[in-house]
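# Residue-level structural notes
Below are the chains, spelled out letter by letter.
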Amino acid sequence: ALACVFAATAAHAQQFVMRISSPTINDATQQWAMLFKKGVEERSHGQIKVEFFPANQLGQIPATVEGVALGTIQMTVPATGFLVSLDPRFQVFDAPGLFTSVEQGEKVLNDPAIRKRLATFGKAKGVEPLITFLNGPLMVLSYKPIRTVADFQGQKIRIPGAGPLQIRPFEKLGVSPISMPLGEVLPAMQNHTVDGLVAAFTVFTGFKYYDITKDLTYLPRSFLVASGIVNRKFMQSLGPKLEAIVRDEAQKDEKVFWTWQLQDLKRIRAE
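Please read all numbers here as calculations on a predicted model, not as lab measurements.

### Some remarks on the pairing of strand β6 (residues 176-179)
The pairing of strand β5 (residues 156-159) with β6 spans 4 bridges and is classified as parallel. From the neighbouring strand, R158 faces β6, where its bridge partner is I178. Handedness of the crossover joining β5 and β6 through helix α6 (residues 164-172) is recorded here as right-handed.

Structure follows, in structure tokens:
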């Protein structure tokens, strides 16, 4: 009888570690992660420990995406363009003109029917989008100022993904598009391996790209959509009660994407 009691106590005290990788730093993703960590750890009474690793500390994007699929990492938050290999449906977010603003995009992504459908993305590979959000407008940073369509001609530009909707529009502009994880771009820019990069507005300030060049160009009605994918087996291993806490806290804390992030974008523009 005592053995049964001790076994039950040990099972109840089991602690889960949820490691979250992000390619970015000092942005809305990090703000979300801090809120998520606080809420999950408090509500689970320490049964779930959340560890956040920004700026590619757990590896470059392809490695962390593979890690989540294999279960060695519990969650990663890349641009959806790097998730097409898991499920071709992710490339829908590469379409320009899909959203008119960050605010409108967040309303769409928070629609219950949309959330339900997104939850099926990546199922065959054992992953699931826990959160999906707009990480700001897409811009091109380049050594050569881009003022007209003709200015794209002949440039080597890093793009955030390898799907057709990422590659072909730039090829039509005369660009040599190069799919490259964010963590490899800064040295590539410094070495002039690439002439420019496409990324969300917040990336350029978070990684101090203004020390390299200051020429930024908006891509009209184009936004960086990121998704925090989790390993499905990990979620199931938590049990119904803890899994519900993780899902509820993840969705509740998404408010930073249409509150804190919008204020941060205004701050960046002002600077």
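And the narrative resumes.
### Things to note about helix α11 (residues 260-270)
Helical geometry: 3.6 residues make up each α-helical turn, so side chains three or four residues apart lie on a common side. All of the buried residues in α11 are Q261, L262, D264, L265 and I268. Taken around the axis of α11, the buried residues stretch over an arc of 160°, which confines them to a single face. Among the exposed residues of α11, those oriented more than 90 degrees off its buried face are Q263, K266 and A270. Looking at the buried residues of α11, the elements they touch are α2 (28-43), α4 (102-109), β4 (127-142) and α8 (201-206).

### Brief notes about unusual backbone geometry
At A55, a position not held by glycine, the phi torsion is positive, near 55°. Along the chain, the position of A55 falls in the loop between β2 (48-53) and α3 (61-70). Exposure remark for A55: the relative accessible area of 31% places this residue in the partly exposed category. Look at K208: it is not a glycine, yet its phi comes out positive at around 60°. Among the structural elements, K208 can be located in the loop between α8 and β8 (216-231).

### Focus: the sheet that holds strand β3 (residues 75-76)
Note on sheets: strands pair through backbone hydrogen bonds, and any given pair is parallel or antiparallel. Across the sheet, 8 strands lie side by side as β2-β1-β3-β8-β4-β7-β5-β6; this open sheet has mixed pairing. Edge positions in the open sheet fall to β2 and β6, since each of these has one partner strand only. When β5 meets strand β7 (residues 196-200), the two strands line up parallel, connected through 2 bridges. Bridge pairing in β7 places R158 opposite L197. Together, β4 and β8 form the strand contacts of α11, whose direction differs from that of β4 by roughly 10°.

### A look at the pattern of salt bridges
Counted by the stated rule, this structure contains 14 salt bridges. With its nearest N and O atoms 3.3 Å apart, the salt bridge here joins E249 to K252. You can see E249 and its partner K252 sitting in helix α10 (residues 239-252), 3 residues apart, about one turn around the helix. The salt bridge partner of K255 is D253, with a shortest N-O separation of 3.9 Å. Take K255: its relative accessible area is 36%, and that puts it in the partly exposed class. One salt-bridge network, in which partners are shared between bridges, spans R43, D248, E249 and K252.

### Remarks on the nonpolar core
Within the largest apolar cluster, 77 residues are counted, with the highest numbers of intra-cluster contacts made by M18 and W32. The element that contributes the greatest number of residues to this core is β4, accounting for 9 residues. The contact partners of M18, leaving out residues within four places of it in the chain, are F36, I48, K49, V50, E51, Q74, M75, L130, V230, F234 and V246.

### Here's the deal with the environment of P164
Along the polypeptide, P164 turns up in helix α6. Taking the C-alpha atoms as reference, P164 lies 8.1 Å from Q91; in sequence the two are 73 residues apart.

### Describing the side chain of S44
Summarising the element assignment, S44 is placed in the loop between α2 and β2. With a relative accessible area of 1%, S44 lands in the buried category. Within the local environment of S44, its side chain forms a polar contact with the backbone oxygen of V40, the two atoms lying 2.8 Å apart. Residues in contact with S44, not counting those within four places in the same chain, are L242 and I245.

Criteria and cut-off values
- Residues numbered from 1 in each chain as written.
- Predicted model: local features only at pLDDT ≥ 70, side-chain atom pairs only at ≥ 80, totals over all residues.
- Heavy atoms only, no water.
- Pairing = 2+ DSSP bridges.
- Helix = DSSP H or I, 4+ residues; strand = E, 2+ residues; numbered from the N terminus.
- Right-handed = clockwise from strand over helix to strand, strands pointing away.
- Buried < 20%, exposed > 50% of the residue type's maximum accessible area, 1.4 Å probe, protein only.
- Arc of directions from axis to C-beta.
- Contact = heavy atoms within 4.5 Å.
- Axes fitted to C-alpha atoms, helices over the stretch in contact; angles between N-to-C directions.
- Salt bridge = Lys/Arg side-chain N within 4 Å of Asp/Glu carboxyl O.
- Core = buried A, V, L, I, M, F, W, Y, C linked by side-chain atoms within 4.5 Å.
- Polar contact = N/O pair within 3.5 Å; in protein donor to acceptor, adjacent residues only side chain to side chain.

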